[in-house]
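A look at the structure
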Amino acid sequence: MGTGPDAASGPPSCPGPGRAGPLSPDAEELPPRLRPAPRGLRLPPAAAMPNSVLWAVDLFGRVYTLSTAGQYWELCKDSQLEFKRVSATTQCCWGIACDNQVYVYVCASDVPIRRREEAYENQIPSKDDPKELPDPFNDLSVGGWEITEEPVGRLSVWAVSLQGKVWYREDVSHSNPEGSSWSLLDTPGEVVQISCGPHDLLWATLWEGQALVREGINRSNPKGSSWSVVEPPGSENGVMHVSVGVNVVWAVTKDQKVWFRRGVNSHNPCGTSWIEMVGEMLMVNVGMNDQVWGIGCEDRAVYFRQGVTPSELSGKTWKAIVAARECDRSHSGSSSSLLSAGCFFGDEVRGSGESAPSDTDASSEVERPGPGQPLPAEPLDDSKNPTGSSASGPGAGRTAEDTTEDACPAEGSGAARPDTHPGPAPTPAELPWTNIDLKEPKKVPSHSAAGFPETTSLSSLGLLPLGLEEPYGVDDHPLWAWVSGGGCVVEACAMPRWFTVQAGLSPSVQTLSLSITPAQTAAWRKQIFQQLTERTKRELENFRHYEQAVEQSVWVKTGALQWWCDWKPHKWVDVRVALEQFTGHDGARDSILFIYYVVHEEKKYAHIFLNEVVALVPVLNETKHSFALYTPERTRQRWPVRLAAATEQDMNDWLALLSLSCCESRKVQGRPSPQAIWSITCKGDIFVSEPSPDLEAHEHPLPCDQMFWRQMGGHLRMVEANSQGVVWGIGYDHTAWVYTGGYGGGCFQGLASSTSNIYTQSDVKCVHIYENQRWNPVTGYTSRGLPTDRYMWSDASGLQECTKAGTKPPSLQWAWVSDWFVDFSVPGGTDQEGWQYASDFPASYHGSKTMKDFVRRRCWARKCKLVTSGPWLEVPPIALRDVSIIPESPDAERSGHSIALWAISDKGDVLCRLGVSALNPAGSSWLHVGTDQPFASISIGACYQVWAVARDGSAFYRGSVYPSQPAGDCWYHIPSPPRQRLKQVSVGQTSVYALDENGNLWYRQGITPSYPQGSSWEHVSNNVCRVSVGPLDQVWVIANKVQGSHSLSRGTVCHRTGVQPHEPKGHGWDYGIGGGWDHISVRANATRAPRSSSQEQEPSAPPEAHGPVCC
Amino acid sequence: MTDDKDVLRDVWFGRIPTCFTLYQDEITEREAEPYYLLLPRVSYLTLVTDKVKKHFQKVMRQEDISEIWFEYEGTPLKWHYPIGLLFDLLASSSALPWNITVHFKSFPEKDLLHCPSKDAIEAHFMSCMKEADALKHKSQVINEMQKKDHKQLWMGLQNDRFDQFWAINRKLMEYPAEENGFRYIPFRIYQTTTERPFIQKLFRPVAADGQLHTLGDLLKEVCPSAVDPEDRVSLCCSGWSAVVRSWLTATSTSEFK
């Protein structure tokens, strides 16, 4: 039926051989198909390699077929039914659907059409005795086609009901595929599962774990005569599942072990003993030629037993089928897009309740994708699984096509099909599942009705992803529940292309050596090798003293390090490391770092071209001297190469050498340019990157994972710069530092360091630990907690135990310089002894005890000091909290005014530095600017717009700041966004961005020259820790969390994309270096892209136009 | 028993001792000594002759120097042919070392391509690799590779690093286990006797009857003139003569292509 468009004519109610006749020639002439399975069965018999199909059911009950000629699982087009079992032969497939009814799918190869239609029309299996009707079925198996040649195509269909009874379907044959009636067989126990082989083997499993073997099956008695019991391999794990072939029995026990039954044959169907096989399977299925299929326990992949031959029936190894579902193909990348770095960014405003930054509450850390982010698969599923009549678009076409063929709507359907697709394009008939209904006559559900007009029978070509070029998500592999190989012929000589990922040929590939006979190969190889040896002798013997044209490279340094291995379980492994350096023909030096490691006793190496390295970051902690090495790829993975040295000196040596090599290969050296981008890690290490001109290009900006960062000596908490080379930093101890113009310092000595302008620098910070106590009615607060409580001495999160004695300075660079003291300055306040109270751990703490408080904590601090060196000089005497230098727009005139620099002292006073210039970046003196309350953050824009954030979380705008009036005249209060407390502000050319304590980034809307305060805050993103807006109004942030393909990183440099004069908020993020970055300043980078659209820049607010608008 | 790797290594490390002499008409400030080098067969002339260039430029005035080119017995040497091919094609019967004349003037525009920089060689090399993979795997493998893999292939060749090159090239020489070989064998047959630069045709590694093709089959099909009646053929394949009976594999037919 439906071999082609013209076949689908005639109503279903007019069966008869008369229609079978004209159809046959069509079938013969069908050209090879684009989608072989399951219609591939209908290929003319003359075809050289008949295709057969493997059937499988996935976890969702969807039935798929995989053709031996194909590479993709194809969904069986009956979206109405979900199946739990299928059992296939070459001619048909029987299945139990989730309604516990039995269906048969007749493969259309050569079955006369009328048979199928009889199945529709022929209702009750007339011989069924109503009393003998089985209860719902649980398992089913089809076999017996080899018992006899005659009558043609006779099949044995066995089923097990939920009550554990065994049923046999009478009269199933080629010509009567659905059989006539069910007969009950007596069994010695409750049967769970059954398997019928092609010949006379029939095994079943009992609830109790034994196997049942049917004896006496033969040509005249296909039902057999008696049962024998076979004990399971072990008493504690009974047989859960069996599958039989012609001469084999495979079983799975309750512990998922796979067993092969030795000694099974026609004369001894029980066999002799069990052999345990490697691998754990949920089920196994023996198919044609005794080939074996299974579903793996762990991955639920379909496995094929490789190497099963008549002489070695147990085969050799399990090999996973990696073919993807056809529907996966057109949706490549759906899974990987989830992994795209953005999943933590969202548009929703993060409230204070949602994240508890200080006292880490695990639940509050649970992130979800924001509404604007791509959601997981559901939306995609809609389009790839057309469902029934409600489907629209592509789905409708497909469904209708099925229906057309099923229902055979009369004349005209052929004409409706596009004739422009000759041959395979109009899909041949898809035979439906035929319900083998037992209790009452029933039409095939929803399919038989001629409810769909033929006009929708569009060619399905449009739906068929024809191209093989699309890669697909290999990770998103289907999860299988059942497999049946009874209709699948796999010849050892022609393995299907199921075991390799088609997009690449990597897994399981054969290399050069062809499998010719070993003797020939040996002779051939020997001959070639001899000839080559002779050639070498002839051409080289007398000339070995000649110079080589290509100089071999030089090993610069080798050593032993530890490497944080890329595979799970991740751990430090000992490796040998070699830095190999060679001089290119053009004199440029390039280097490769080799990491030699051993995995599974096999020696391997990884290598990194140093010209690809974008950052080398020391990661010191109290135990390891390690560093991380980033390439653009590793940056995207959020998984740097991590190496650890035995000593600090060793680490510094490697770091300095590798840094030097990186800088050499990139020809970066000396003082950073005035436009450099500065950043600081959470360890206080300072990094600088030279902005390429296309970094801020409007179209195709340089991806920021390709920015090269090199380290500068010194230790800072923040750094700010402008494009005239003025750079200021603030240490952890709030000391102000000014950049001297040198480079190097720290571990960078010699060539990598300038000879002057390097000074000793020190920094002091506090290590905090918490003393936790619980109240009990007898003794009051004690240091005896509940068993479930946190450590009585812990870190802020309570997760790590931190005692006074056991807590060490953060790394070996640091040394204690004080004893432990109580810190009274914690957020939330304390009582006189420094205690903070709360109802329970962890909760919000407050400074005085109430009746509801059962726990309290106290913060202890201890100062430690680090001494290093770098191009920094102290700016005494005032300690600072924040600093901002006016960014120079590229077209700004150097008017001879001093460079505006504003700062906040550690007490919260606002300060304005006088006398700052490129030649005197430290300036001369501070001018105090009065405020009503302490301030926390300040920023000055290119047009002297000074914005600040006060301690109470609101913003202020400073009016009338001019070069001639550097301190301005008054503050204008600007309310914070609703229910948020701001903590930082950054002002570029015209854009003003602010950041609140919950990580939300806000853009100040409505700023005009006449109304410089703007009108409202507009939310841009959450997940932001720090923002820096530059002179091009470019927006860079440190993102809290960014998901890479391998790992998640916190503290990641991100660049706002799509920022344009008319779209100052931009539209997305580009992700750069990350994993512990705390601070970035792009305020020195006024480098425009060469082909710049700067002329479109909105007219910037001239300072004179700032009208004094009081609020 | 030798394995493929030994063969591959020997192919890779094939060297041709070469004597470079400055062309007599080039103007020099003092006499130019000949320069002796071992040239890698698998590389390209302009990729490995920086030393030669420097050597001769030392005795020349800046204004007399334009693009360097090489010539052997009157034939300009195409830099885009592998060195081994040039040698086997033109000089295999002459005595070693191979005497190459160096020119800095009168670039033979109609015979040679310009080689302005190493980038040109890299581009040519990569296009050969891509063409070969188009034949072998419909370009699937080379397109799957990352840019850094391409770079590694090139760097491997440029720096004469066998391991580095083969770590990537290995992938280009694989085919799925269930197939009997590449889709088509990438090969080119160069002959001195014809005007055609080379012969290149689609050729499957396996015959319709499933028999593996040999190099002899290939020659009989695409270049019958090279096969003599006794079914013996003498040809230059990177410096060794192959006998018809030898099996056709990637090793014997191509090093890069």
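The structure contained in this document is the topic of the report that follows. This one's a predicted model, so the numbers in the text were calculated from it and none came from an experiment.

Rules and cut-offs
- Residues numbered from 1 in each chain as written.
- Chains lettered and ligands numbered in written order.
- Predicted model: local features only at pLDDT ≥ 70, side-chain atom pairs only at ≥ 80, totals over all residues.
- Heavy atoms only, no water.
- Phe/Tyr/Trp six-rings, centres within 6.5 Å; stacked < 30°, edge-to-face > 60°.
- Helix = DSSP H or I, 4+ residues; strand = E, 2+ residues; numbered from the N terminus.
- Buried < 20%, exposed > 50% of the residue type's maximum accessible area, 1.4 Å probe, protein only.
- Lys NZ or Arg CZ within 6 Å of the ring centre and 35° of its normal.
- Core = buried A, V, L, I, M, F, W, Y, C linked by side-chain atoms within 4.5 Å.
- Domains from an automatic or database assignment.
- Contact = heavy atoms within 4.5 Å.
- Pairing = 2+ DSSP bridges.
- Disulfide = S-S within 2.5 Å.
- Axes fitted to C-alpha atoms, helices over the stretch in contact; angles between N-to-C directions.
- Patch = residues over 30% accessible without salt bridge, like charges linked within 9 Å, V, L, I, M, F, W, Y side chains within 5 Å.
- Areas by Shrake-Rupley, 256 points an atom, 1.4 Å probe, with all protein chains shown as cover.
- Salt bridge = Lys/Arg side-chain N within 4 Å of Asp/Glu carboxyl O.
- Lys, Arg positive; Asp, Glu negative; His and termini not counted.
- Polar contact = N/O pair within 3.5 Å; in protein donor to acceptor, adjacent residues only side chain to side chain.

Looking at the packing of aromatic side chains
- Per the counting criterion, the structure on display carries 46 aromatic pairs over all chains.
- Measuring from centroid to centroid gives 5.3 Å for W250 of chain A and F260 of chain A, while their planes differ by 75°, and the two rings are edge-to-face. You can see W250 of chain A sitting in strand β16 (residues 249–253) and its partner F260 of chain A sitting in strand β17 (residues 257–262), a full 10 residues away along the chain. Like W250 of chain A, the residue F260 of chain A is buried in the burial classification.
- Taken together, the ring pairs in this structure connect W12, F13, F125, W154, F162, F165 and W166 of chain B into an aromatic cluster.
- The lysine or arginine in question, R856 of chain A, covers the ring of W835 of chain A, its NZ or CZ lying 3.9 Å from the ring centre.

Notes on the nonpolar core
Residues and elements named next belong to chain B.
- Of all hydrophobic cores here, the largest spans 66 residues; its most connected members are F20, F56, F70, W98, V102 and F125.
- Considering each element in turn, this core owes the most residues, five residues, to helix α7 (residues 162–172).
- Taken domain by domain, the makeup of this core includes at least three residues from each of domain 1 (1–111) and domain 2 (116–157).
- Discounting chain neighbours no more than four positions away, the residues touching F56 are F20, T21, L22, A32, E33, Y35, V102 and F104.

Quick look at the pairing of strand β37 (residues 718–721) of chain A
All names here are of chain A.
- Alternating residues of β37 divide into M718 and E720 and V719 and A721, and every residue in both groups is buried.
- Where β37 meets strand β38 (residues 727–730), four bridges bridge the pair, whose relative direction is antiparallel. The partner of V719 across the bridge, within β38, is G729.
- In this structure, the hairpin formed by β37 and β38 is closed by a connection of five residues, where G725 is found at a positive phi of approximately 90°.

Section: the environment of D685 of chain A
Residues and elements named next belong to chain A.
- On the secondary structure map, D685 appears in the loop between β34 (677–681) and β35 (686–689).
- Residue D685 is classed as buried on the basis of its relative accessible area, which comes to 9%.
- Separated by 68 residues in the primary sequence, D685 and V617 have C-alpha atoms spaced 8.2 Å apart.
- Contacts of D685, omitting those with residues within four sequence positions, involve P618, S679, I680 and Q711.

Section: the state of the cysteines
- Summed over the entire model, instances satisfying the criterion amount to zero disulfides over all chains.
- Left unpaired, C864 of chain A is separated from the closest cysteine sulfur, that of C766 of chain A, by 7.5 Å.

Some thoughts on the sheet that holds strand β47 (residues 872–874) of chain A
Residue and element names in this part refer to chain A.
- Read from one edge to the other, the open sheet built from four strands follows the order β37-β38-β39-β47, with strand pairing classed as antiparallel. One side of each edge strand has no neighbouring strand; the edge strands of this open sheet are β37 and β47. On average, each strand axis in the sheet is tilted by 30° relative to the strand beside it, whichever way the strands run.
- Bridge count for β38 against strand β39 (residues 736–739) is three bridges, and the pairing is antiparallel. Its bridge partner lying in β39, G729 is registered against W737.

Considerations on a nonpolar patch on the surface
All names here are of chain A.
- A cluster of nonpolar side chains, contributed by L59, F60 and L479, occupies part of the molecular surface with about 270 Å² of accessible area.
- Mapped onto the elements, L59 comes out in the loop between β1 (53–58) and β2 (63–67).
- Given the relative accessible area of 41%, L59 is considered partly exposed.

Some remarks on the sheet that holds strand β50 (residues 910–914) of chain A
All names here are of chain A.
- Taken in spatial order, the four strands make up an open sheet running β48-β49-β50-β51, and their pairing is antiparallel. Two strands close off the open sheet at either side, each with one partner strand: β48 (880–885) and β51 (925–929). Sheet twist, expressed as the average angle between the axes of neighbouring strands with direction ignored, equals 30°.
- Of the pairings in the sheet, the one linking β50 to β51 comprises five bridges and is antiparallel in character. Bridging from a neighbouring strand, L911 pairs with H928 of β51.

Some thoughts on the environment of G999 of chain A
All names here are of chain A.
- With respect to the helices and strands, the residue G999 is situated in the loop between β57 (992–996) and β58 (1001–1005).
- Owing to a relative accessible area of 9%, G999 belongs among the buried residues under this scheme.
- Apart from the residues within four sequence positions on either side, G999 is in contact with S1021, N1022, N1023 and V1024.

What to know about unusual backbone geometry
- The omega torsion of the bond from P876 of chain A to P877 of chain A falls at 0°, within 30 degrees of zero and hence cis.
- Note that the residue after L96 of chain B, namely P97 of chain B, is joined by a cis bond; omega there is -5°.
- Phi is positive for H734 of chain A, which is not a glycine, with a value near 70°.
- Within the secondary structure, H734 of chain A sits in the loop between β38 and β39.

Regarding the side chain of R638 of chain A
Residue and element names in this part refer to chain A.
- Take R638: it is sitting in the loop between α9 (632–637) and β33 (641–645).
- In this structure R638 is buried but unpaired, with D705 as the nearest side chain of opposite charge at 6.5 Å.
- Within polar-contact distance, the side chain of R638 engages the backbone oxygen of G1072 at 2.9 Å.
- The contact partners of R638, leaving out residues within four places of it in the chain, are V1042, Q1043, G1044, S1047, L1048, S1049, T1052, Y1071, G1072, I1073 and G1074.

Topic: the side chain of N176 of chain A
- With respect to the helices and strands, the residue N176 of chain A is situated in the loop between β9 (166–169) and β10 (182–185).
- A polar contact of 3.1 Å, which involves the side chain of N176 of chain A, links it to the backbone oxygen of D171 of chain A.

As far as function goes, none of this settles anything; it's purely spatial.
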